[in-house]
Amino acid sequence: MLKQLIVQGMIKMSEPIIHIKCRKVDAPLVERVIPSCHKVLADIYGGEGISHFPKTELLIDHNDYLPCEGENDVIGGVELTSESGTIVCKNTLNARLDHSYLDSLPDTRGMLWPSK
């Protein structure tokens, strides 16, 4: 799953250099999946008939990890940031749960307070 989260961020960002922020305990796993992320990306672009796609360098941020203990702990996943820091793709499980929660609010309101 971690590989798919990274590849999804690579596609969304299309940046030449991407910094990956992960939990400290996940750093060895992220290092192992990085080479296969490039292969998956090449397969995706190749399947679409795109022969030239942006080369992306993935760098793990070993100075700033996602919190995994305490009040604001991250369950898992990654945060991808462009070299300049202006583009951030939060692909953490927490961010995905928050997104799902916000998307379900209109349906929940409709069930609790149906319109007449």
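Before reading further, recall that the structure is shown in the block above.
If you're wondering where the values come from, they're calculated on a predicted model, not measured in any experiment.

Asks: Hey, could you run me through the side chain of N91 in this one?
Replies: Within the element layout of this structure, N91 appears in strand β4 (residues 88–92). A polar side-chain atom of N91 sits 2.9 Å from the main-chain carbonyl oxygen of L5.

Asks: Is there a simple way to think about the nonpolar core in this case?
Replies: Most often, soluble globular proteins keep nonpolar side chains buried together rather than apart. Membership of the largest hydrophobic core comes to 21 residues, with the highest contact counts inside it found for I6, I20, V30, L58 and V78. Those elements that place two or more of their residues in this core are α1 (2–13), β1 (17–21), α2 (27–47), β2 (57–60) and β3 (77–82). The greatest single-element share of this core, amounting to seven residues, is contributed by α2. When sequence neighbours within four positions are dropped, the list of residues in contact with I6 reads I20, V30, V33, C37, L58, V78 and L80.

Asks: Please explain the environment of I60 as it appears in this structure.
Replies: Locating I60 in the fold gives a position in strand β2. With relative accessibility at 14%, the residue I60 sits in the buried group. Expressed as a C-alpha distance, the spacing of I60 and V30, which sit 30 residues apart in the sequence, is 7.9 Å. Excluding its chain neighbours within four sequence positions, the residues that come into contact with I60 are I20, C22, A27, V30, E31 and I34.

Asks: So what exactly am I meant to see when it comes to the pattern of salt bridges here?
Replies: Pairs can form between side chains of opposite charge whenever their charged atoms are close. Under the defined criterion, the tally for this structure stands at three salt bridges. Between R23 and D26 there is a salt bridge, and its shortest N-O distance comes to 2.9 Å. D26 shares its class with R23; the two are buried. In this structure, the salt-bridge partner of K39 is D43, at a minimum N-O distance of 3.2 Å. Highlighted residues: K39 and D43, both in helix α2, separated by four residues, approximately one helical turn. Assessed through its relative accessible area of 54%, K39 is described here as exposed. Judged by its relative accessible area of 47%, D43 falls in the partly exposed class.

Scoring rules and cut-offs
Residues numbered from 1 in each chain as written. Predicted model: local features only at pLDDT ≥ 70, side-chain atom pairs only at ≥ 80, totals over all residues. Heavy atoms only, no water. Helix = DSSP H or I, 4+ residues; strand = E, 2+ residues; numbered from the N terminus. Polar contact = N/O pair within 3.5 Å; in protein donor to acceptor, adjacent residues only side chain to side chain. Core = buried A, V, L, I, M, F, W, Y, C linked by side-chain atoms within 4.5 Å. Buried < 20%, exposed > 50% of the residue type's maximum accessible area, 1.4 Å probe, protein only. Contact = heavy atoms within 4.5 Å. Salt bridge = Lys/Arg side-chain N within 4 Å of Asp/Glu carboxyl O.

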